[in-house]
Amino acid sequence: MLPPLSRLLTTKPPFWPEFHSPLRGPAITARVGRVLGLAFGICFVTGLLSHYQYHPWSWLPVPASPSWGYRLTQGIHVITGIACIPLILVKLWSVFHRLFVWPPVRGAVHALERASVAILVASSVLQLITGLFNILQFYPWPWGFVEVHYWLSYVIIGSLLLHIAIQLPAIREGLSTRLSDDRGGDQPSEASSRGGLSRRQVLIATGAGVGVVAITTVGQVLPIAEPIALLAPRRPSRGPQDLPVNNTARNAGVIQRATSSSYRLSVTGPRSLELSLSELEALPTLRRHLPIACVEGWSRSADWRGPALLSLVTQVGGSADSFVVLRSLQEGGYSVSTIQGSQLEHALLATHLNGERLSIDHGYPLRLIAPDRAGVLQTKWLHRIEVR
Amino acid sequence: MNRDRVVRYLIGGIGIATIAYGVTRILQDPTSTKPLGLAKWLIGALLLHDLLIAPLVLGVGWIVSRVVPGRARPLVQGGLITGALISVIAVVLINREGKTSSPALALLTQNYLVNLLILLAIVAAVCGIGYASVVLRDNRRKSRSPADH
């Protein structure tokens with residue numbers, strides 16, 4: 001005879017897994033969760049700022065100052081994202097026993113709660129893994145990274161808010177409980193009496209792991225930390241002309257046209273203009289110290305020299321209020337960018353980098369460089385400028 | 001309904017709306033978001049943690065709690081936590097080393113296996129020093145209070 005349903009719901013079947021750890025409990029979960037939640041918030045906001053670089057509203061162009069703005073926000077985005085990987089593992093460890101609560105579903109609200117946790121965990125883990133793979137330029141999935149990374153961030157932040165709303169009383173209780181006397185877990189934390197780690201020591205070990213990961217990756221943004229950047233995907237000082245590139249001339253398929261003697265830059269607007277490389281170099285030049293700040297999180301400052309973009313814009317009848325489209329010899333990819341507002345006023349058409357002529361991978365014969373601008377929008381191998 | 005409940009319903013409502021927004025936009029652009037492939041990877045991410053990472057951690061924890069003697073155990077456990085968290089990132093880098101398109105990218109140009117071993121050696125050294133200081137402290141206590149024995 002089958003046992004009555006009510007008994008089945010209150011009694012765990014014998015095969016159901018069960019874990020006992022004196023370390024798990026709301027005190028530790030709430031503390032790790034608070035840091036992870038803040039980190040997710042930082043990633044979301046800096047991610048939106050990065051998205052804005054690519055899709056600004058025409059009435060609110062990305063400002064030119066501070067020139068290191070995007071360098072800072074995207075550096076924070078990527079380093080925080082990397083640090084979230086060890087953090088989320090500890091957070092998930094601290095609640096893993098709750099995956100096996102009995103009965104698995106107590107009712108509609110409980111089912112909804114569990115579903116929201118599943119969405120949060122799945123989307124967060126996937127976002128962090130794919131984010132890390134993206135900065136390594138590794139794409140083993142079928143979808144477009146940018147679109148999914150962007151829209152999935154709304155799913156994550158939404159399910160995080162829902163999670164906080166559901167768990168708020170537990171979060172409050174966890175945070176107000178001292179680590180040593182949390183009884184919300186399986187057992188009180190008198191672990192050290194049995195020779196194990198205490199909850200405080202778990203947090204210290206976690207902080208050490210996350211800290212080492214952050215300190216050994218931040219060198220790809222912060223030159224002073226580059227010598228210890230043992231886990232940084234990039235070592236920005238190792239690039240050609242003392243600056244890495246994110247796309248080579250070979251990959252962009254521009255070598256032949258960029259090095260051809262028939263190269264001309266065409267500038268169109270109310271009037272139009274065609275300039276050879278020697279004519280471009282005869283123009284008055286400016287020098288600026290500006291960073292290349294890549295969406296992949298690395299950045300490095302360099303010395304740039306070349307004519308001001310605005311001087312060519314005014315020569316064809318435009319002004320500082322113009323909307324300017326820059327086109328590369330490259331086809332597809334990030335071959336077109338637009339610039340306006342204060343970035344236009346401060347932009348250079350660089351022919352030289354760190355005292356040398358631009359190398360082909362850095363955009364020879366001519367590239368855009370403007371302050372506070374995402375790296376792939378600093379269009380290389382320029383051949384056409386349209387003033388609107 | 002008290003204020004606390006109102007706030008929770010409000011936050012939860014915003015959360016559900018934000019999820020719905022994200023999901024809708026993903027579904028509206030299937031040629032670039034590939035919803036079916038994405039769904040598989042989302043489930044895969046859950047399974048990766050719940051069926052692989054978590055059992056592995058529990059297993060190692062179980063072994064350590066039975067094999068390592070009491071006084072050394074917190075340091076071994078702490079060292080394993082820190083070392084594992086560092087290794088998670090390093091293993092990915094080691095795996096992708098040398099698979100980039102050009103040296104001009106300055107991408108993955110380091111020997112990450114050596115770098116990981118350096119970091120793990122530092123963690124092990126710190127734990128070793130910690131263990132030595134625990135042993136010294138215990139010995140000093142013992143020699144100071146011989147009457148207890």
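Conventions and cut-offs
- Residues numbered from 1 in each chain as written.
- Chains lettered and ligands numbered in written order.
- Predicted model: local features only at pLDDT ≥ 70, side-chain atom pairs only at ≥ 80, totals over all residues.
- Heavy atoms only, no water.
- Helix = DSSP H or I, 4+ residues; strand = E, 2+ residues; numbered from the N terminus.
- Rg over C-alpha atoms; globule rule 2.2 N^0.38 Å.
- Buried < 20%, exposed > 50% of the residue type's maximum accessible area, 1.4 Å probe, protein only.
- Contact = heavy atoms within 4.5 Å.
- Areas by Shrake-Rupley, 256 points an atom, 1.4 Å probe, with all protein chains shown as cover.
- Lys, Arg positive; Asp, Glu negative; His and termini not counted.
- Charge placed at Lys NZ, Arg CZ, Asp CG, Glu CD.
- Pairing = 2+ DSSP bridges.
- Buried area = accessible area lost by both parts, 1.4 Å probe.
- Salt bridge = Lys/Arg side-chain N within 4 Å of Asp/Glu carboxyl O.
- Polar contact = N/O pair within 3.5 Å; in protein donor to acceptor, adjacent residues only side chain to side chain.
- Nonpolar A, V, L, I, M, F, W, Y, C, P; charged D, E, K, R; others polar.
- Phe/Tyr/Trp six-rings, centres within 6.5 Å; stacked < 30°, edge-to-face > 60°.
- pLDDT = per-residue confidence, 0-100.
- Axes fitted to C-alpha atoms, helices over the stretch in contact; angles between N-to-C directions.
- Expected span 1.5 Å × (residues − 1).
- Parallel < 35°, antiparallel > 145°, perpendicular 65-115°, else oblique.
- Left-handed = near helix turned anticlockwise from the far one by under 90°.
- Core = buried A, V, L, I, M, F, W, Y, C linked by side-chain atoms within 4.5 Å.

1. Regarding the overall build of chain B
In step 1: In terms of regular secondary structure, chain B is built from 5 helices and 0 strands.
In step 2: When the elements of chain B are put in sequence order from the N terminus, they spell out α-α-α-α-α.
In step 3: Against the globule reference of 15 Å for 149 residues, chain B gives a C-alpha radius of gyration of 25 Å, more extended than a compact globule.
In step 4: Judged by the C-alpha coordinates and their principal axes, chain B covers about 75 × 60 × 25 Å.
In step 5: Residues counted as buried form 33% of the 149 residues belonging to chain B.
In step 6: Of all intrachain contacts in chain B linking residues separated by at least 6 positions in sequence, the fraction that spans at least 24 positions is 42%.
In step 7: If you sum the accessible surface of chain B, you get close to 9100 Å²; carbon and sulfur atoms cover 70% of it.
In step 8: Within chain B, one finds 16 positive and 6 negative side-chain charges whose respective centroids are separated by 2 Å.

2. Describing the sheet that holds strand E3 (residues 286–293) of chain A
Either a parallel or an antiparallel arrangement is found when strands of a sheet pair, and the pairing is made through backbone hydrogen bonds.
Residue and element names in this part refer to chain A.
In step 1: Across the sheet, which stays open at both edges, the 4 strands sit in the order E3-E4-E8-E9 with antiparallel pairing between neighbours. Only two strands of the sheet have a single neighbouring strand rather than two, namely E3 and strand E9 (356–357).
In step 2: Bridging between strand E8 (residues 352–353) and E9 involves 2 bridges; their strand directions are antiparallel. Looking across to E9, one finds that Leu353 is bridged to Glu356.

3. A few points about the interface of chain B and chain A
In step 1: Between chain B and chain A, the contact holds 58 residues from the first and 72 residues from the second.
In step 2: Both faces combined, the contact of chain B with chain A buries some 5700 Å², and carbon together with sulfur accounts for 77% of it.
In step 3: Counting the surface chain B buries against chain A, the share from its top three residues, Trp41(B), Leu85(B) and Ile89(B), is 11%.
In step 4: Counting every contact that joins chain B to chain A gives 1 salt bridge.
In step 5: Linking Arg172(A) and Asp4(B) is a salt bridge whose minimum nitrogen-to-oxygen distance equals 3.0 Å.
In step 6: At the junction of chain B with chain A, the criterion picks out 17 residue pairs in polar contact (both at pLDDT 80 or more).
In step 7: Those elements giving two or more residues to the side of chain B that touches chain A turn out to be helix H1 (3–28), helix H2 (30–33), helix H3 (35–67), helix H4 (73–96) and helix H5 (112–144) of chain B.
In step 8: For the side of chain B that touches chain A, the per-class residue count stands at 34 nonpolar, 16 polar and 8 charged.

4. What about the pattern of salt bridges?
Residue and element names in this part refer to chain A.
In step 1: For the structure shown, the criterion picks out 13 salt bridges over all chains.
In step 2: Note that Glu386 and Arg384 form a salt bridge whose closest N and O atoms lie 3.0 Å from each other.
In step 3: With relative accessibility at 10%, the residue Glu386 sits in the buried group.
In step 4: Residue Arg384 is classed as partly exposed on the basis of its relative accessible area, which comes to 30%.
In step 5: Ionic contacts of the salt-bridge type, sharing partners, join the residues Glu226, Arg235, Asp242 and Arg300 into one network.

5. Observations regarding unusual backbone geometry
Leaving glycine out, the prevailing phi sign among residues is negative, and the prevailing peptide bond configuration is trans.
Residue and element names in this part refer to chain A.
In step 1: Going from Trp102 to Pro103, the amide bond is cis rather than trans, its omega being -5 degrees.
In step 2: The residue Pro103 is located in the loop between helix H3 (69–95) and helix H4 (108–135) in this model.
In step 3: With an omega of 5 degrees, the peptide bond running from Tyr364 to Pro365 counts as cis.
In step 4: Mapping Pro365 onto the fold places it in the loop between E9 and strand E10 (367–369).

6. Quick word on the packing of aromatic side chains
In step 1: Per the stated rule, a full pass over the model turns up 21 aromatic pairs over all chains.
In step 2: The interplanar angle of 80 degrees and the centroid separation of 5.5 Å between the aromatic rings of Tyr52(A) and Trp57(A) together place this pair among those described as edge-to-face.
In step 3: Pairing Phe133(A) with Phe138(A) gives two aromatic rings, centres 4.9 Å apart and planes at 45 degrees, and the pair type is tilted.
In step 4: With relative accessibility at 16%, the residue Phe133(A) sits in the buried group.
In step 5: Within the aromatic cluster, the residues linked to one another by ring pairs are Phe133(A), Phe138(A), Tyr139(A), Trp141(A), Trp143(A), Phe145(A) and Trp41(B).

7. Observations concerning the confidence of the model for chain B
In step 1: Per-residue confidence for chain B gives a mean pLDDT of 93; residues scoring 70 or more make up 97%.
In step 2: The ipTM for the predicted assembly is 0.94, set against a pTM of 0.94.

8. Considering the sheet that holds strand E5 (residues 324–328) of chain A
All names here are of chain A.
In step 1: Spatially, E2-E1-E11-E5-E6 is the arrangement adopted by the 5 strands of the open sheet, whose pairing is mixed. Of all strands in the sheet, those with a lone pairing partner are strand E2 (272–275) and strand E6 (336–339), marking the two edges. Ignoring which end each strand starts from, the neighbouring axes of this sheet average 15 degrees apart.

9. Brief notes about H4(A)
In step 1: The end-to-end C-alpha distance of H4(A), which contains 28 residues, comes to 41 Å, matching closely the 40 Å that a straight helix rising 1.5 Å per residue would cover.
In step 2: Directly beyond the C-terminal end of H4(A), a positive phi value near 55 degrees is found at Gln137(A).

10. Remarks on the packing of helix H5 (residues 145–176) of chain A against H1(B)
In step 1: Two elements in contact, H5(A) and H1(B), have axes separated by 7 Å at closest approach and are oriented at 160 degrees. When the axes of H5(A) and H1(B) are compared, the pair comes out roughly antiparallel. Note on packing geometry: the crossing formed by H5(A) with H1(B) is left-handed.
In step 2: Broken down by class, the residue content of the contact of H5(A) with H1(B) amounts to 17 nonpolar, 6 polar and 4 charged.

11. Concerning the confidence of the model for chain A
In step 1: In the predicted model, chain A carries a mean pLDDT of 93, and 95% of its residues have values of at least 70.
In step 2: For the stretch residues 184–193 of chain A, pLDDT sits under 50, and the model shows 28 contacts to residues farther than four places along the chain or on other chains.

12. Some remarks on the nonpolar core
In step 1: Core analysis: the biggest nonpolar cluster contains 66 residues, and Phe40(A), Ile82(A), Ile88(A), Leu152(A), Ile86(B) and Leu93(B) have the highest contact counts within it.
In step 2: If we skip the residues at most four places from it in the chain, Ile86(B) touches Gly209(A), Val212(A), Val213(A), Leu231(A), Leu116(B), Leu119(B) and Val123(B).
In step 3: Core analysis: the second largest hydrophobic core is formed by 36 residues, Leu265(A), Cys294(A), Leu312(A) and Tyr364(A) among them.

13. Re H1(B)
In step 1: Spanning 26 residues, H1(B) covers 37 Å between terminal C-alpha atoms, matching the ideal 38 Å at 1.5 Å per step.
In step 2: By the burial criterion, the buried members of H1(B) are Gly12(B), Gly15(B), Thr18(B), Ile19(B), Gly22(B) and Ile26(B).
In step 3: On its buried face, H1(B) is in contact with H5 of chain A together with H2 and H3 of chain B.

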